[in-house]
Amino acid sequence: MTSWQDQKRHVEVLGERMSYVERGEGRPILFLHGNPTSSYLWRSVMPQLQGRGRCIAPDLIGMGDSAKLPNPGPETYRFHVHATYLDGFIDAVIGTQEKVVLVAHDWGTALGFDWAHRNPERVEAIAYMEGFARPVASWEEWNKDATPVFQGFRSEAGEGMVLDKNLFIERVLPGSIIRTLSDQEMEEYRRPFKEREDRWPTLTWPREIPVAGEPADVHERLTAVCNWMADNEVPKLFVNAEPGAIMIGKLRDFCRSWINQHEVTVPGIHFIQEDSGPQIGQAIAQWLRDLDS
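Quick notes on the rules
- Residues numbered from 1 in each chain as written.
- Predicted model: local features only at pLDDT ≥ 70, side-chain atom pairs only at ≥ 80, totals over all residues.
- Heavy atoms only, no water.
- Helix = DSSP H or I, 4+ residues; strand = E, 2+ residues; numbered from the N terminus.
- Rg over C-alpha atoms; globule rule 2.2 N^0.38 Å.
- Contact = heavy atoms within 4.5 Å.
- Lys, Arg positive; Asp, Glu negative; His and termini not counted.
- Charge placed at Lys NZ, Arg CZ, Asp CG, Glu CD.
- Core = buried A, V, L, I, M, F, W, Y, C linked by side-chain atoms within 4.5 Å.
- Buried < 20%, exposed > 50% of the residue type's maximum accessible area, 1.4 Å probe, protein only.
- Phe/Tyr/Trp six-rings, centres within 6.5 Å; stacked < 30°, edge-to-face > 60°.

A. Seen up close, the overall build of the chain. Counting secondary structure elements, the chain contains 10 helices and 8 strands. Taken against the 2.2 N^0.38 rule, which gives 19 Å for 293 residues, the C-alpha radius of gyration of the chain at 17 Å falls within 12% of a compact globule. Partitioning the intrachain contacts of the chain with sequence separation of at least 6 by distance along the chain shows that 75% fall at a separation of at least 24. Taking the 31 positively charged and 43 negatively charged side chains of the chain as two groups, their mean positions are separated by 2 Å.

This is the structure:
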């Protein structure tokens, strides 16, 4: 059986190599992962979309098998950088004309919503799960069990926690899945972040979460994006997680107010593809069939 890594294709974006997996043909269905995962997260979701379109799952820059940017530091993998590389990837692999179905998780939701906001004429539909419905008003809105560790990531202790101890891979990832990942699965998630400096994306992402208005540039950008998401007519599928981790409480209530939206619920904490991958894929496939009918 061919490994996930061996299925990768590659494209040059802004002078750097970005990797992705592609299956099928037809309308583009773009799968966007978040932190600290890669296209590997979608391995049991994509097969359920067979016959529904051209499934494309990139590794974000600095993650998976995509290139590491040189001389990494606190500014290297910020939201606007990822958005720029994603723009280039979409233009290179999909082109600039075709409409796209977005399937997004975690930071992939923010990136996908942002791209859709800037390219509304190119969006066919959006499925999303366990991501960012809007900026976080205060830590009281965040998962109370996760708040101390995320506050730690955003403090001076963050580099030791993530760059030295690799806590996002070793603690946050397995702790946000109901089942236990196999050694092989854990190794695939560890593989892109073997070296200390390779872990900068996994540290920068939690520092980019807009909480109580900071960081200000991300707060401003995502406020505009999510207000647009609430009011646009684009068909949406909200894959709700039970019990969930991010899209809970007031944030879940807010995204449930979005118009032209269907909702399904699957078991899972945060990395719900690891607990309910086939169910997620089947729900998306049925939703697309309903949109096409």
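B. How the structure looks around the nonpolar core. By size, the foremost hydrophobic cluster in this structure holds 103 residues, and its most contacted members are Phe31, Phe89 and Ile284. Among the elements that make up this core, the one with the highest residue count is helix H1 (residues 79-93) (8 residues). Residues in contact with Ile284, not counting those within four places in the same chain, are Val45, Leu49, Val103, Ala127 and Leu237.

C. Representation of the packing of aromatic side chains. Across all of its chains, the model carries 17 aromatic pairs by this definition. Ring geometry for Tyr20 and Phe89: centres 5.3 Å apart, planes at 75 degrees, overall edge-to-face. With a gap of 69 residues between them, Tyr20 in strand S2 (residues 16-23) and Phe89 in helix H1 connect regions that are remote in the sequence. A relative accessible area of 8% means that Tyr20 is categorised as buried. On the basis of relative accessibility, which here comes to 0%, the residue Phe89 falls in the buried class. With a centroid separation of 5.5 Å and 80 degrees between ring planes, the pair formed by Phe113 and Tyr128 is classed as edge-to-face. Within this pair, whereas Phe113 is found in helix H2 (residues 107-118), its partner Tyr128 is found in strand S6 (residues 123-131), the two being separated by 15 residues in sequence. Tyr128 carries the same exposure label as Phe113, and that label is buried.

D. Local environment of the side chain of His105. On the secondary structure map, His105 appears in strand S5 (residues 100-106). Using a relative accessible area of 0% as the deciding quantity, one classes His105 as buried. Not counting chain neighbours up to four residues away, the residues in contact with His105 comprise Leu32, His33, Gly34, Leu41, Trp42, Met129, Glu130, His270, Phe271, Ile272 and Gln273.

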